[in-house]
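Here's the letter readout for the chains.
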Amino acid sequence: MLIKKGIAASLGIAIGRAHIVKEENILIEQKEIPPEKIKAEIKRFRDALDKTKSDLDLIRAKVLTVLGKQHAKLIDSHHLILSDPLITKEVPKLIAEKGLNAEFALSEILDRAEQEFEKIDDEFFHERKHDVFDVGKKIISNLVNSEKVSLKDIKEPVIIIAHNLYPSDTLHIRESNKVLGFCMDLGSKSSHTAIFAQSMGIPAVVGLSDISRQIQSGDSVIVDGEQGMVIIAPTAEIIAKYKLRQEELHKQEIFFHRLKGLPAITRDGHRINLMVNLDSSADVQELAAARSEGVGLFRTEFLYMNRDAVPTEDEQLKAYSNVARALGSLPLTIRTADIGGDRATQLGIKGLKDERNPFMGFRGIRLFIKYPELLKTQLRAIYKANAGATIKIMIPMVSSLNEVTTVKEMAQEVKTELSEEGFEIKKDPEFGVMVEIPAAAIILDSLLGEIDFVSIGTNDLVQYTLAVDRINQYVSELYEPFHPAVLRLINLVVQTAHKKGKPVSVCGEMASDPYAIPLLVGLGVDILSVPMKMYLRAKFSVRIMNFERFAALAQQALGLPTSEQIRKMVEEELK
Amino acid sequence: MIKKDLRVINELGIHARPAGMLANTASKFACELKLIKDKMEVNCKSIMGVMTLAAGKDSTLTVVASGSDEAAAMAAIEELFASKFDED
């Protein structure tokens, strides 16, 4: 038995078999090849090599005409890697000797090579490993294309183990519906995958540094999403203990269900609005069941995922109308898509270059303002979907007043256009900004004239305030929502907005943290918007707290110098 | 078997392209060719192996050739080192 400590990313306990996911969306499973099929397996590998070679020739021809001879030489070294005896001889040897499938044998060889590269201190040489893995990935994808193994096709319930999962992977996980839990080498409590896991109610532990190398597919694993632990090859005793805990959690769940339909009101009668975050229009069924008070954040990025063209107005209209209809008279806050440059490139938008630091880069409203057609299409779809006049529009990644006025001018244009087309607009949707960049918090007073509401995206606000990349394992422990700087910024936002009578919501991960909820409510936040699976849990936190008490404690917290002291104060109060 | 110590004199050391040239040249010969640096031994015909040596400027590599055409192979490798792998 081996216990690995990581970051608890999504509550719950999963007990099951591990399923390793290698990079690039491709699942590499170890399969046993019977002796009579070894020859065919080696041929399959050689075919993939040949296919990769001809792919490279095509690329080389393109590179030569577009970039010139010097760059084409890089492709030549890729060719040499393809004919490297490590690949041409060692892989077939491994297939023959151990009866391994080609993908697995190749990835074993590449892993060995990577370990050699990892030993190199010299950064210049060290970085050359990417050349090797580029080629390796190409061969693997040629092998796998004929096999079609993907996350979508998981047949048995499994626990996914991965180095890193991408948003597109998480969509496949949703589709497969066979994932009991997952563990990742990278990630923090607020990375995309963690948010996804929370919204799906899938237990997850992330930030485990090298778990994907320590587990083999098929190993027995327990994911403890409460304490952030992964137990590999647990004893029968441990399994029994966790099964018991699973039952307890299940009972708790039943208890929370009794809160359905009850208001989010503190013990001393302070009422807040509790809403849900939505990641796709597929959750509409559950939405009605949750009996929430509306959608505080509808992330529209899903419309742009796993495809190679921008979603049309009609597609978007359909998605928004579905959700608006399901909500009836309850508010629906749609955030215009917060996609980055890499995604835009995949959607066929030309002229974008790779960014060194995408978090600080071209995303959210910045990208939509540079590509106004994207913004316009989304606004048109939203206006058309707003038949019930319940929709609000939220702008992500705002850092200046100009961005807000540009969006509003565009909205005016859209409105004129639509009425010229004979489309009747009953009511203008409300506009709001996401406060994620500290600049937006600091100049909020200047933005309030243009907007009707404010929503604090705490995940990004924490990351930008503390200058901590939340998926960088070296600094992720510095990511601290209870940092006094963060609380003071939230306080500033609430105070500024309330002076003008405008409501403030919090839609980041803090909004469902049982320790953060009383502080946020104490600071005067009007709306909390949480993942659907956390909805009743969050309501419970609101209903057991005393507003007057926490309003006073929150004021005290604003004067404390460290996050440790703030956490301790809240923990002692909630004990 | 013949054995020789060769010094890396080109500015960038044996990065991807020189490693490729070494592997490419070595592959033309039937004999076994090994490169040794600081007790690390790799097959000279393997570009990945050669790259992992991380041989920078002024490092010294031991080349070991053994087989029927070992002399010709050693000469060809020596020539590559001396020509600074066509750099500059």
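So, a few notes on the structure that sits alongside this text. (Residues numbered from 1 in each chain as written. Chains lettered and ligands numbered in written order. Predicted model: local features only at pLDDT ≥ 70, side-chain atom pairs only at ≥ 80, totals over all residues.)

**Points about the overall build of chain B**
Working step 1: Looking only at helices and strands, chain B features 3 helices and 4 strands.
Working step 2: For chain B, the succession of helices and strands along the chain, N to C, is β-α-β-β-α-β-α.
Working step 3: Looking at chain B as a whole, 40% of its 88 residues qualify as buried.
Working step 4: For chain B, contacts bridging at least 24 residues in sequence account for 70% of all contacts bridging at least 6. (Helix = DSSP H or I, 4+ residues; strand = E, 2+ residues; numbered from the N terminus. Buried ≥ 20, exposed ≤ 12 C-beta atoms within 10 Å, placed from the backbone. Contact = placed C-beta atoms within 7 Å.)

**Re the pairing of strand β4 (residues 158–162) of chain A**
All names here are of chain A.
Working step 1: With 5 of 5 residues buried, β4 lies mostly within the body of the structure.
Working step 2: Taking every second residue as pointing to the same face, both faces of β4 are buried, with Val158, Ile160 and Ala162 on one and Ile159 and Ile161 on the other.
Working step 3: For strand β3 (residues 13–21) and β4, the ladder comprises 4 bridges, and the chain directions are parallel. Considered in β4, the bridge of Ile20 is made with Ile161. (Pairing = 2+ DSSP bridges.)

**Overview of the interface of chain A and chain B**
Working step 1: The interface of chain A with chain B comprises 18 residues on the first partner and 16 residues on the second.
Working step 2: Those elements giving two or more residues to the side of chain A that touches chain B turn out to be α2 (69–82), α3 (85–98), α4 (102–118), α5 (123–126) and α6 (129–145) of chain A.
Working step 3: Classifying every residue of the side of chain A that touches chain B gives 10 nonpolar, 1 polar and 7 charged. (Nonpolar A, V, L, I, M, F, W, Y, C, P; charged D, E, K, R; others polar.)

**Thoughts on the packing of helix α12 (residues 313–327) of chain A against helix α15 (residues 372–385) of chain A**
All names here are of chain A.
Working step 1: Relative orientation of the contacting elements α12 and α15 amounts to 40°, with a least axis distance of 8 Å. Compared by their axis directions, α12 and α15 come out oblique. In this structure, α12 crosses over α15, and the sense of that crossing is right-handed. Touching Glu313, Gln316, Leu317, Tyr320, Ser321 and Ala324 of α12 are Thr377, Gln378, Arg380, Ala381, Ile382, Lys384 and Ala385, all from α15.
Working step 2: Here the residues of the contact of α12 with α15 are counted per class, giving 6 nonpolar, 4 polar and 3 charged. (Axes fitted to C-alpha atoms, helices over the stretch in contact; angles between N-to-C directions. Parallel < 35°, antiparallel > 145°, perpendicular 65-115°, else oblique. Left-handed = near helix turned anticlockwise from the far one by under 90°.)

**Regarding unusual backbone geometry**
Working step 1: Although it is not a glycine, A:Ser209 sits at a positive phi angle of roughly 60°.
Working step 2: Among the secondary structure elements, A:Ser209 is positioned in the loop between β6 (204–206) and α9 (211–214).
Working step 3: The class of A:Ser209 is partly exposed, set by 14 C-beta atoms lying within 10 Å.
Working step 4: Its identity as a non-glycine residue notwithstanding, B:Asp38 has a phi of 45°, on the positive side.
Working step 5: Position of B:Asp38 relative to the elements: it lies in the loop between β2 (32–37) and β3 (40–43).

**Focus: the nonpolar core**
Working step 1: Counting 96 residues, the largest nonpolar core has A:Val433, A:Val435, A:Val454, A:Val493, A:Leu520 and A:Leu528 as the members making the most contacts within it.
Working step 2: Ranked by size, the runner-up nonpolar core spans 91 residues in total, among them A:Val91, A:Val179, A:Leu208 and B:Ala73. (Core = buried A, V, L, I, M, F, W, Y, C linked by C-beta atoms within 7 Å.)

**What about the sheet that holds strand β5 (residues 179–184) of chain A?**
Residues and elements named next belong to chain A.
Working step 1: Here 8 strands make up an open sheet; going across it, the order is β1-β8-β7-β3-β4-β5-β6-β2 and the pairing mixed. The open sheet has two edge strands, β1 (2–5) and β2 (7–10), and neither has a second partner. With direction set aside, neighbouring strand axes in the sheet form an average angle of 30°.
Working step 2: Packing against the sheet, helix α10 (residues 236–257) makes contact with β3, β7 (220–224) and β8 (229–232), and its axis sits at approximately 115° to β3.

**Brief notes about the environment of A:Leu94**
Residues and elements named next belong to chain A.
Working step 1: Following the sequence through the fold, Leu94 ends up in helix α3.
Working step 2: Assessed through the 18 C-beta atoms surrounding it within 10 Å, Leu94 is described here as partly exposed.
Working step 3: C-alpha separation for the pair Leu94 and Ile42, spaced 52 residues apart in sequence, amounts to 9.8 Å.
Working step 4: If we ignore the near neighbours within four places in the chain, the residues touching Leu94 are Leu100, Ala105, Glu108 and Ile109.

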